[in-house]
Amino acid sequence: MKFRFGELFSGPGGLAWGAKEASFIYKNEKYYIDHVWANDNHKDTCDTYAENLMPLEKNKVICLDVKKLDIENLESIDAFAYGFPCNDFSIVGEQKGFEGEYGPLYYYGVKVLNFHNPLWFIAENVGGITNANQGLAFKKIINDLENSGKYGYKLVINKYKFEEYGVPQKRHRIIIVGIRKDIDVEYRVPKPTTPEPHQQKTVKNVLLDNPIAPNSYNNELTKHPKLVIERLKAIPPGENVWWEGLPEHLRLKVKGAKLSQIYKRLSPNEPSYTITGSGGGGTHVYHWSEPRALTNRERARIQTFPDEFKFIGGKESVRRQIGMAVPPDGAKIIVKAIMQSFAGIDYPYVEPKY
C-alpha cells in the first residue's frame, strides 16, 4: 500500500527520512511512503531535503513562505506531516502562543487537511505547546485538527520521550497522529523500546562505538578561543558553566535566568541533552572528554541521521537544520506503527499521555 506523502515546515527531512525507512512487506504487499512534495522557507534546508529525499525531483521541494504557497494546486496526498514552527510555544521562549508571529502558522496544516483530506497525518511540536496561552492555544489546535477535512480526524496525542525509543537524546515532543474518522483504523502509541535508563543509548555508544570518519560530511571542528577551551577543561562531564567548582576567572558574569545548557558537557554514559538549532556561545553541545563543541556530524548522529545524509549550507545553517529536525529513528517507529495499523498488524502499545 503506497501512501503519497506531503509535508509542510519540512525541515531538512528528519521525519521524512524516518518515514522512508519505515516500509515493510506484509502478506506480499509492500507498505511504504512515496514523497510527493515538501515545503519549507529556508533555502539550505530545502536543498538538504531535495538532495537526500527527492534527488530526482528536486523541483517538488517548494522553497517558499507557507503564506504564499498555493495549497489547492499541490499534488493529491494520502499522508501528511507538519512540524509547525514552535518558536512561540517553546518552554525556552516566552510562550506567546497565538499572540506570537509563529503561532498562527499551524493553521496552514489545517488548510491542507481541509482541501486534500489525506488518510492520516502527523503534527509535531514541543512539549510546551500544551501550556501556551494558559492551555487555550492547544485546545484550539486540537479542535481545529479534529474537525478538519471532509470527514474529521480521530486524534491520538502523546508526548514522546525519544530516549525511550532508541534515540540517544533526551528530546521530548508532542506528536499528534490523526486518522480519518470514516476509516476503520485505530492508531495506538507504540510501546517504548528503551524505557529504562540502563537500556538507553548513550552518547558514548553513538559517537565512540562506531567512530565517525574524519572526512565525513559536515564534520568540521569549531575553533574556540583560548578562554573557552580553558573553561571547558575545568567543567566536569555532565556539568555546565554554573558548576560551583569552576574557578572565578572562568565564570560568566550573567544576571537573571541561567540556562542549564550553557557550556554543558555531555555525560558519556547517558543520552545527550536536547540538541537545539539556535543560540549563541555556550549552546553548541560539548564533548565530555575533549574541550570542544560537537561537530555537526556528531550532532546529526545524536539526532540519528545516517552518516551519508548530507546537509547543505554553512556551518551555522547546518547546525540550525539538525537542531530543528525530528529524529529519524523516532519518526520511523511512529510512521511504521501507522502503516501497521492500516495493515491490521498488532504491535505492543501504551496508553497516550501528554
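Residues numbered from 1 in each chain as written. Predicted model: local features only at pLDDT ≥ 70, side-chain atom pairs only at ≥ 80, totals over all residues. Heavy atoms only, no water.

Quick look at the overall build of the chain now. Across its full length, the chain carries nine helices and ten strands. With the principal axes as the frame, the chain shows a C-alpha extent of 65 × 45 × 40 Å. For the chain, restricting intrachain contacts to residue pairs at least 6 apart in sequence, the fraction spanning at least 24 positions comes to 71%. Entry remark: accessible area of the chain is about 16500 Å², with carbon and sulfur atoms responsible for 48%. Side chains of the chain give 48 positive and 42 negative charges; the mean places of these two sets differ by 4 Å. (Helix = DSSP H or I, 4+ residues; strand = E, 2+ residues; numbered from the N terminus. Contact = heavy atoms within 4.5 Å. Areas by Shrake-Rupley, 256 points an atom, 1.4 Å probe, with all protein chains shown as cover. Lys, Arg positive; Asp, Glu negative; His and termini not counted. Charge placed at Lys NZ, Arg CZ, Asp CG, Glu CD.)

What follows covers empty space enclosed by the protein. Rolled over the atoms, a probe as big as a water molecule pinpoints where empty space is left. Following the criterion strictly, the structure yields one cavity of 30 Å³ or more and no others. Roughly 50 Å³ of volume is contained in the largest cavity. E220, T222, H284, L294, T295, N296, R299, K315, E316 and R319 together form the lining of the largest cavity. Looking at the lining of the largest cavity, the elements that each hand over two or more residues are helix 7 (296-302) and helix 8 (315-324). In terms of residue count, the dominant contributor to the lining of the largest cavity is helix 8 (three residues). (1 Å grid on protein atoms, 1.4 Å probe; cavity = no way out; pocket = protein on both sides within 12 Å on 5 of 7 lines; lining within 4 Å. Points joined across faces, edges and corners; volume = space filled by probe spheres on them.)

What follows is about the environment of Y108. Note on placement: Y108 falls in helix 3 (residues 107-116). Considered as a pair, Y108 and V254 are 146 residues apart in the sequence and their alpha carbons are 40 Å apart. Excluding its chain neighbours within four sequence positions, the residues that come into contact with Y108 are L8, V66, K67 and I71.

Ranked by internal contacts, the top residues of the largest apolar core, which has 73 residues, are W120, I122 and Y187. Considering every element that reaches this core, the biggest residue donor is helix 9 (residues 328-343), with eight residues. By size, the runner-up hydrophobic cluster in this structure holds 30 residues, among which are L74, I77, Y106 and L145. (Core = buried A, V, L, I, M, F, W, Y, C linked by side-chain atoms within 4.5 Å. Buried < 20%, exposed > 50% of the residue type's maximum accessible area, 1.4 Å probe, protein only.)

A few words now on helix 9. Quick reminder: α-helices carry 3.6 residues per turn. Residues three or four places apart thus point the same way. The end-to-end C-alpha distance of helix 9 is 22 Å, a good match for the 22 Å that 16 residues give at a rise of 1.5 Å each. Summarising burial for helix 9: twelve of the 16 residues are buried, a large majority. Two residues or fewer past helix 9, G344 is found with a positive phi of approximately 80°. (Expected span 1.5 Å × (residues − 1).)

Next up on the list: the pattern of salt bridges. The full count for this structure, using the stated rule, is 17 salt bridges. The shortest N-O distance in the salt bridge between E51 and K58 comes to 3.3 Å. With a shortest N-O distance of 2.9 Å, R292 and E298 are connected by a salt bridge. Here R292 matches E298 in class, with each residue buried. The network of salt bridges with shared partners includes R4, E57, K60 and E75. (Salt bridge = Lys/Arg side-chain N within 4 Å of Asp/Glu carboxyl O.)

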